[in-house]
Amino acid sequence: MIPFHTLCPEIAQREVRCIHVLVASGAVSHGGLSAGEYAYVEFYCDDLDCDCRRVFLEVIARHQQDKVLASINYGWEKQSFYRKRLPWPPDAARDIVRGALDPLNQQSEASEELLRIFQRQVLDEKYRLRLRRHHQLFREELRRRGGWKPPT
Ligand SMILES: [Zn+2]
């Protein structure tokens, strides 16, 4: 998975989804999150032969960019699409269309809350279509460059 912004920096900067967390007066945090801005940074699969149609999201706080607070998998197609093609347990297709924490990647004490915010506030039809479009742009750019070559 490659960060969207390495291939499409302008669009990524303009269209990254951010949330602003407010903390009630007297409280230190909201579900483990301190007040501030958090970005849902997109990564897409760099294998042009693969048609997995999903995004991997890392949630990063603007005030602490070296720490991944949550790693989320999400797929914008219908559940049946993932059920058919992925050799996963039956729940996996349902989880990916709702958004789910990635079992293999970095999480934190705030990851459950960031997933809840993703499901309730970030994810709507507009965002679903935006991710689908970003994935198409990512692949077009990747194809134009003849595949992914890490910077040397
Ligand atoms: Zn893939």
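Use the structure listed above.
Just so you know, these numbers come straight off a predicted model, no measurement behind them.

A. Expanded view of the overall build of the chain. Each helix and strand counted, the chain has 6 helices and 6 strands in total. Secondary structure of the chain in N-to-C order comes out as β-α-α-β-β-β-β-α-α-β-α-α. Relative to a compact globule of 152 residues, whose C-alpha radius of gyration would be 15 Å, the chain shows 16 Å and is just as compact. In terms of overall dimensions, the chain has a C-alpha envelope of 55 × 40 × 30 Å along the principal axes. The buried share among the 152 residues of the chain stands at 25%.

B. Inspection of the environment of Val55 at higher detail. Here Val55 shows up in strand S4 (residues 54–61). Separated by 67 residues in the primary sequence, Val55 and Val122 place their C-alpha atoms 14 Å from one another. Setting aside anything within four residues of it in sequence, one finds Val55 in contact with Glu42, Phe43, Tyr44, Tyr74, Leu131 and His135.

C. Seen up close, helix H6 (residues 125–144). An ideal rise of 1.5 Å per residue puts 28 Å on 20 residues; H6 measures up with 29 Å between its terminal C-alpha atoms. Against helix H1 (4–7), strand S3 (36–44) and S4 lie the buried residues of H6. Within two residues after H6, Gly146 carries a phi angle of roughly 75°, on the positive side.

D. Representation of unusual backbone geometry. Phi angles above zero are rare outside glycine, and Arg53 is one such case at about 45°. By the C-beta count within 10 Å, which is 17 here, Arg53 ends up partly exposed.

About the thresholds
- Residues numbered from 1 in each chain as written.
- Predicted model: local features only at pLDDT ≥ 70, side-chain atom pairs only at ≥ 80, totals over all residues.
- Helix = DSSP H or I, 4+ residues; strand = E, 2+ residues; numbered from the N terminus.
- Rg over C-alpha atoms; globule rule 2.2 N^0.38 Å.
- Buried ≥ 20, exposed ≤ 12 C-beta atoms within 10 Å, placed from the backbone.
- Contact = placed C-beta atoms within 7 Å.
- Expected span 1.5 Å × (residues − 1).

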